[in-house]
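Working through the structure, step by step
Single-letter residue listing:
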Amino acid sequence: MTSDRNPMKNAIAFAGATTTGFERRNTTRSQASWAAEACIDAMRQCDLGPKDVDGLCGSWPPANELQAILGLPEITWFENPPVPFINHVSAAAAAVFAGLCEVALVWHAAYRQPWNTAGSLKDPFRAAAENFPAVAPSPDTVMHAVGYTAWASRYMHEFGATKEDFGLIAINDRSNAARNPAAALTHPLTMQEYLEARMIRWPLCLFDMDVAVDGADAFIVTTAERARDMPLPPVLINAAVHGMVANNEEDQIDGLAHHGQHIVVDSLKAKSDFWIDGADVFFPYDGFSIIALAWIENVGYCGAGEAGEFMRQYWDAESNSVRLNGKVPFNPHGGSLSEGATQGSGHVREAIHQLQGLAGDRQVPGARTALLTPGGFFFNAQGLTLIRD
Amino acid sequence: MAEADEELLERFASHSVDRDNAAHFRGRLNRQLLINRCGDCGRWHHPPKPVCPGCWSTAIEPSEVDGTGEVHLLIRLHQGPPAPGVDYSTPYPVVTVELDEQQGLCFTATVEEGDIAIGQRVELDWIERAGVPVPIFRLAREVSL
């Protein structure tokens, strides 16, 4: 069941957000080094010293390692959640709201590794750290990331959707990334290039899958009250939700009309003060292009199977991207397909920057509200609404 | 005689075999597709779980299915994990089939290439890979009425 209960609404805020930027190559730095850089920048951005942080939340490196690296003297709450990134946001916000800590440092370090790119093995340090199983897994499965390919084929079957519909997600992202100095891929992408790209798992090609990168984002989460004493405008967490259904295995879900995204939409809509008509910027998660098509439909911009047509209707020729009603962009930072595979941290960071007026050439004039829908269909659908204080 | 646990784990090293799905993999050695069915309410479920998701009974019975059904999901792998006899230069097809036993009960396996498409009727067969039987679907033969 979903409910409108949300006592945390607007009580917790992002005081700041930083990024190192992302690179599509094996850098000569460790994952911890990227996380440390982003975290130090976030603390400096918010005028915080080592004694001012009492909560830690991140996956890689784990909190104990990050604490030791930065020499933070006293931590009263920490968590190492799995990705995607709303796990981190909701854990840190709830911990601050409950009083387990007051100022939480939250991070996500993206790192090229064998599970997301075989090219990572050219780095001997990464290859040495990998514990390959003695016997390779069977290919006779649609579990894990392969599941999105399977449902992409079902989506095409049910709605007559075309590869061009998927391509619009990739092109929108790439055009937006050209205005984002942090993005890994910024050269323009044409539909012809998209259609001719190397097929990885039919029907999805190279440009339907997020780009493996090195780099990190970091955030300061605290009470709205405390954030108001910090240098930047606070961005309030209006609602944060997760969604999952009983049949959540990749090959067992009830179908495209009932999976985790539908629970997220019902729950986030009930808990939030605004929905799509009031959203100044929208972040449909795009770890795979099919996920973004489904979010556009499921949050209610258009009906099932209509996302391609919807994007064509609101395609802005000048920017070569979606501009809903002439102004609302989708994934203005370039998303996971072009900025880099951040598991949603890039989407959250960009939303905060848009609402703080720090988005540079990508700035949506006067943006005050952001709707974010990270994660996919099965066991990781999530949602977040943000409001500038 | 039943396969010893150690031997079962070794023969299915490319799968994640555990206490809850061991019976399913033992069935494969006899070329039987065993799917869990509840002894109390009769509901089928897959992958194998320790209780029935419908009524919470622990009277779970791995039961043989006909292996007939309809293609629900279809992909073709242009790259993938190394596997004996699998050459991705010809894209390797994998299907999720909705089994006839129960609406929404799905099983995923490879499929004999041909004009496979979502919606087609298929039936189960078995091939041998690295000394272990592997389930494979193929287009259902025409049924004469």
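About the criteria used
Residues numbered from 1 in each chain as written. Chains lettered and ligands numbered in written order. Predicted model: local features only at pLDDT ≥ 70, side-chain atom pairs only at ≥ 80, totals over all residues. Heavy atoms only, no water. Pairing = 2+ DSSP bridges. Helix = DSSP H or I, 4+ residues; strand = E, 2+ residues; numbered from the N terminus. Axes fitted to C-alpha atoms, helices over the stretch in contact; angles between N-to-C directions. Contact = heavy atoms within 4.5 Å. Phe/Tyr/Trp six-rings, centres within 6.5 Å; stacked < 30°, edge-to-face > 60°. Buried < 20%, exposed > 50% of the residue type's maximum accessible area, 1.4 Å probe, protein only. Lys NZ or Arg CZ within 6 Å of the ring centre and 35° of its normal. Buried area = accessible area lost by both parts, 1.4 Å probe. Salt bridge = Lys/Arg side-chain N within 4 Å of Asp/Glu carboxyl O. Polar contact = N/O pair within 3.5 Å; in protein donor to acceptor, adjacent residues only side chain to side chain. Nonpolar A, V, L, I, M, F, W, Y, C, P; charged D, E, K, R; others polar.

Here we come to the sheet that holds strand β8 (residues 235-243) of chain A. Residue and element names in this part refer to chain A. A sheet is described by the order of its strands in space; here nine strands give the open sequence β3-β2-β4-β7-β1-β8-β14-β13-β9, paired in mixed fashion. The open sheet has two free edges, formed respectively by β3 (77-79) and β9 (281-284), since each of these has just one partner strand. Recorded for the sheet is a direction-independent mean angle of 25° between the axes of neighbouring strands. Against the sheet, helix α1 (residues 31-45) engages β1 (12-19), β4 (103-110) and β7 (215-223), with an angle of about 40° to β7. Here helix α3 (residues 86-98) sits on the sheet in contact with β1, β2 (55-58), β3, β4, β7, β8 and β14 (381-388), set at roughly 120° to β8.

Time to look at the packing of aromatic side chains. Counted under the stated rule, the structure contains 18 aromatic pairs over all chains. An angle of 35° between the planes, with centres 5.0 Å apart, marks the rings of Phe-85 of chain A and Phe-219 of chain A as tilted. One end of the pair, Phe-85 of chain A, is in the loop between β3 and α3; the other, Phe-219 of chain A, is in strand β7, with 134 residues separating them in the sequence. Comparing Phe-85 of chain A with Phe-219 of chain A, the two get one shared label, buried. Ring plane angle 55° and centroid distance 4.9 Å describe the contact between Phe-12 of chain B and Phe-25 of chain B, whose orientation is recorded as tilted. With a gap of 13 residues between them, Phe-12 of chain B in the loop between α1 (5-11) and α2 (22-29) and Phe-25 of chain B in helix α2 connect regions that are remote in the sequence. Every member of this aromatic cluster is reached through a ring pair, and the members are Tyr-148, Phe-288, Phe-377, Phe-378 and Phe-379 of chain A. Geometry around Trp-34 of chain A places Arg-29 of chain A over its ring, the cationic atom sitting 3.8 Å from the centre. A cation sits over an aromatic face here: Arg-126 of chain A above Tyr-111 of chain A, 3.9 Å from the ring centre.

The subject of this paragraph is the interface of chain B and chain A. The interface of chain B with chain A comprises 33 residues on the first partner and 25 residues on the second. Among the residues chain B hides against chain A, the three largest losses belong to Leu-73, Ile-75 and Ile-118 of chain B. Together they make up 23% of the total. The tally of links between chain B and chain A comes to two salt bridges. One salt bridge in this structure joins Arg-129 of chain B and Asp-140 of chain A, with 3.5 Å as the shortest N-O distance. The interface formed by chain B and chain A includes twelve residue pairs in polar contact (both at pLDDT 80 or more). If you list the elements that add at least two residues to the side of chain B that touches chain A, you get β4 (69-77), β5 (92-99) and β6 (106-111) of chain B. For the side of chain B that touches chain A, the element with the highest residue contribution is β4 of chain B, accounting for seven residues. Counted by class, the side of chain B that touches chain A contains 19 nonpolar, ten polar and four charged residues. Bridging between strand β5 (residues 199-202) of chain A and β4 of chain B involves two bridges; their strand directions are antiparallel. Directly across from Arg-201 of chain A, in β4 of chain B, lies its bridge partner Leu-77 of chain B.

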